[in-house]
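Chain residues, written in single-letter form:
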Amino acid sequence: MSLLPNADTDADSNHPAATQPKHLLLVDISSYFYRAFHAMPDLRSPAGLPTGAIYGVASMLKRLGRWAGAAWWSTAWRPTM
């Protein structure tokens, strides 16, 4: 996905992508990791490293991307004190 305008679609105002509003989706990734860490089973890599939270976050982001249909999206990490 590119943040640069597409010359093919932006030049044609009758194109469906040009008539629909474009949305930016911002995700608080800290809360996603917290939810995934506590919700996912204890999945581990062959080396024994925990991977459940990573898998859970990737799954939730994929589902959110399909549901929201945003043109752009970004994640933000909230440092803990």
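Preceding this paragraph is the structure being described.
In this text, all values refer to a predicted model and were calculated from it rather than measured experimentally.

I tried to follow the packing of helix α3 (residues 29-39) against helix α4 (residues 52-68) on my own but got confused; where do I start?
Closest axis-to-axis distance for the α3/α4 pair is 8 Å, and the angle between their directions is 120 degrees. Classed by the angle they form, the pair α3 and α4 counts as oblique. As α3 packs across α4, the resulting crossing turns out to be right-handed. Here α3 contributes I29, Y32, F33, R35, A36 and F37 to the contact with α4, which in turn contributes A53, I54, G56, V57, M60, L61 and L64. Split by residue class, the contact of α3 with α4 holds 11 nonpolar, one polar and one charged.

Help me out: how do you make sense of the environment of L25 in this one?
Assignment of secondary structure puts L25 in strand β1 (residues 24-28). Dropping the residues within four chain positions of it, L25 is found in contact with L64, A68, A70, W72, W73 and S74.

Help me out: how do you make sense of the pattern of salt bridges in this one?
If charged atoms from side chains of opposite charge come close, those side chains can pair. Here the structure, examined in full by the defined rule, presents one salt bridge. R44 is the partner of D42 in a salt bridge, and the nearest nitrogen-oxygen pair spans 3.3 Å.

Please explain the packing of aromatic side chains as it appears in this structure.
Geometrically, a pair of aromatic rings is defined through the distance of the ring centres and the angle of the planes. Throughout the structure, instances matching the rule amount to one aromatic pair. Taking 5.7 Å as the distance between ring centres and 65 degrees as the angle between the ring planes, the aromatic pair formed by F33 and W77 counts as edge-to-face. Linking F33 in helix α3 with W77 in the segment after β2 (72-76), this pair joins segments that are 44 residues apart in sequence. Judged by relative accessible area, W77 falls into the exposed class, the value being 58%. Sitting over the face of the ring of Y32, R35 holds its NZ or CZ atom 5.8 Å from the ring centroid.

Which parts of the structure should I look at to understand α3?
Note: α-helices contain 3.6 residues per turn, so residues at a spacing of three or four share the same orientation. Of the positions making up α3, those classed as buried are I29, S30, Y32 and A36. Seen from one end, α3 has its buried residues packed into an arc of 160 degrees, which puts them on one side. Projecting away from the buried face of α3 at angles above 90 degrees are the exposed residues Y34, H38 and A39. Where α3 is buried, its residues touch β1, α4 and β2.

So what exactly am I meant to see when it comes to the nonpolar core here?
The biggest cluster of nonpolar side chains holds 11 residues, and these are L25, V27, I29, Y32, A36, A53, V57, M60, L61, L64 and A70. Elements represented by at least two residues in this core include exactly β1, α3 and α4.

Procedures and definitions
Residues numbered from 1 in each chain as written. Predicted model: local features only at pLDDT ≥ 70, side-chain atom pairs only at ≥ 80, totals over all residues. Heavy atoms only, no water. Axes fitted to C-alpha atoms, helices over the stretch in contact; angles between N-to-C directions. Helix = DSSP H or I, 4+ residues; strand = E, 2+ residues; numbered from the N terminus. Parallel < 35°, antiparallel > 145°, perpendicular 65-115°, else oblique. Left-handed = near helix turned anticlockwise from the far one by under 90°. Contact = heavy atoms within 4.5 Å. Nonpolar A, V, L, I, M, F, W, Y, C, P; charged D, E, K, R; others polar. Salt bridge = Lys/Arg side-chain N within 4 Å of Asp/Glu carboxyl O. Phe/Tyr/Trp six-rings, centres within 6.5 Å; stacked < 30°, edge-to-face > 60°. Buried < 20%, exposed > 50% of the residue type's maximum accessible area, 1.4 Å probe, protein only. Lys NZ or Arg CZ within 6 Å of the ring centre and 35° of its normal. Arc of directions from axis to C-beta. Core = buried A, V, L, I, M, F, W, Y, C linked by side-chain atoms within 4.5 Å.

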